[in-house]
Amino acid sequence: FMAKAFSVASWNVEHFGRSKKNSNKPKKPIGPIVDYLASQKADIVAVYEVVGKMVFGEVMKKMPGYQFHITEGPQSQEILVGVKKSISCFFTQKTTFKSGASMLRPGALLTITKDGVNYPLLFLHLKSLTEPKGFGLRDDMTERAIKFKKKLDKAHKKSGLSGKSNFIFLGDLNTMGMNLTYSKKDVSAEEEIGRLGKRLGSKYVDMKILSKSIEETYWPGSKSKYSIGNLDHVIAADHLEFKQFNGASVSVRGWVEEDNSSKRDQWAKKYSDHSLLYFEVQAI
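Predicted model only: the values in this text are computed from it and were never measured. (Residues numbered from 1 in each chain as written. Predicted model: local features only at pLDDT ≥ 70, side-chain atom pairs only at ≥ 80, totals over all residues. Heavy atoms only, no water.)

Asks: Give me the side chain of S275: which residues, what numbers.
Replies: Here S275 is to be found in the loop between α5 (261-270) and β12 (276-282). Given a relative accessible area of 1%, S275 falls into the buried group. Looking at S275, its side chain comes within polar contact range of the side chain of W255, at 3.2 Å. Beyond its immediate chain neighbours, meaning those up to four positions away, S275 contacts S10, W11, T217, V252, R253, G254, W255 and V256. (Helix = DSSP H or I, 4+ residues; strand = E, 2+ residues; numbered from the N terminus. Buried < 20%, exposed > 50% of the residue type's maximum accessible area, 1.4 Å probe, protein only. Polar contact = N/O pair within 3.5 Å; in protein donor to acceptor, adjacent residues only side chain to side chain. Contact = heavy atoms within 4.5 Å.)

In structure tokens, the structure reads:
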């Protein structure tokens, strides 16, 4: 049995805190969403698509044991990261992951130190859309994350440490494929994930997409023309080990646990159309 180094809950809460038109009230009550996040008892929490300022009061009140950081800039959706106060960490915003598009979210880089070991965690919310432009931006941002791993590996070596950096990047990577009008060159969502897996598996990168208890993480609703999607992922350095949940490294929680469409619809309406991803990194 290996000891846990730390646990992470990663969750895209759609337009979190966005208010109704001409109102200061959020579209969805914030309380239950924060309660659900707090109930995971994760050491680190990340929420993507934070829109409204009213989220903070609720988060601070219901999760007093955490310190919070948020990305900032002209983009309309932010990434909120919380860390238990008992963990020492350093937070920095990485605008390189905006790929020159001002409205894209920057990456949120959190480096935590546990028992003298550094773990850099990069939280990303990549561009959605199946159009070539969206696909190209995702591709570019993923490439930047892979290059960043090489940079971290170099720094790791320079500090006289053996092996490679304990890098993890994760979040809503929006792996939805690419549709070209009337073309055989379409890329399915599965192919996009497969391509990513191949890039990570090269001997220079040494990373892997972690297995999940359920592949699909996005529920568009039972009446939607969109199909359920495998959009949220955790990608980690090969040498890192994770607690297993029925043979998977990531436990997918939320609407996926409901056993029929109408219950899933209700869950998505109350909380989010994305499931929450939970995982535990084992101590090195």
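Okay, back to it.
Asks: Account for the packing of aromatic side chains, with residues named and values stated.
Replies: The relative placement of two aromatic rings is captured by the distance of their centres and the angle of their planes. Under the defined criterion, the tally for this structure stands at twelve aromatic pairs. Measuring from centroid to centroid gives 4.9 Å for F6 and Y119, while their planes differ by 70 degrees, and the two rings are edge-to-face. With F6 in strand β1 (residues 4-16) and Y119 in strand β7 (residues 117-125), the pair connects residues that are 113 residues apart, well separated along the chain. Owing to a relative accessible area of 1%, Y119 belongs among the buried residues under this scheme. Taken together, W11, Y36, W267 and Y271 form an aromatic cluster joined through their ring pairs. Of note, R253 hangs over the ring of Y278, and the distance from its end group to the ring centre comes to 4.1 Å. A cation over a ring is seen here: R264 above W219, with NZ or CZ 5.3 Å from the ring centre. (Phe/Tyr/Trp six-rings, centres within 6.5 Å; stacked < 30°, edge-to-face > 60°. Lys NZ or Arg CZ within 6 Å of the ring centre and 35° of its normal.)

Asks: An account of the sheet that holds strand β5 (residues 88-94) is needed here, citing residue identities and associated values.
Replies: Read across the sheet, six strands follow the order β5-β6-β7-β8-β10-β9 without closing on themselves; strand pairing throughout is mixed. The open sheet is flanked by β5 and β9 (207-209), the only strands paired with a single partner. In this sheet, adjacent strand axes meet at a mean angle of 20 degrees when their direction is disregarded. Here helix α4 (residues 189-200) sits on the sheet in contact with β8 (168-172), β9 and β10 (232-237), set at roughly 160 degrees to β9. (Pairing = 2+ DSSP bridges. Axes fitted to C-alpha atoms, helices over the stretch in contact; angles between N-to-C directions.)

Asks: Can you explain the nonpolar core? Please cite residues and give values.
Replies: Counting residues in hydrophobic clusters, the biggest one holds 57 residues, and the most contacted among them are I44, V81, F123 and I168. Top element by residues in this core is β1. It accounts for seven residues. Look past the residues within four positions of I44 in its chain and what remains in contact with it is F6, S7, V8, A9, V81, G82, V83, L110, I112, L121 and F123. Residues M141, F148, L152 and M207 belong to the second largest nonpolar core, which totals 17 residues. (Core = buried A, V, L, I, M, F, W, Y, C linked by side-chain atoms within 4.5 Å.)

Asks: Could you give an account of the pairing of strand β2 (residues 44-50), naming the residues involved and the relevant values?
Replies: Counting buried residues along β2, seven of its seven residues qualify, which places the element largely inside the surrounding structure. Note: β1 against β2, six bridges, orientation parallel. Within the sheet, the bridge partner assigned to F16 lies in β2 and is V50. Judged from the six bridges that link them, β2 and strand β4 (residues 78-84) form a sheet pairing that is antiparallel. Bridge assignment links Y48 to a residue of β4, and that residue is I79.

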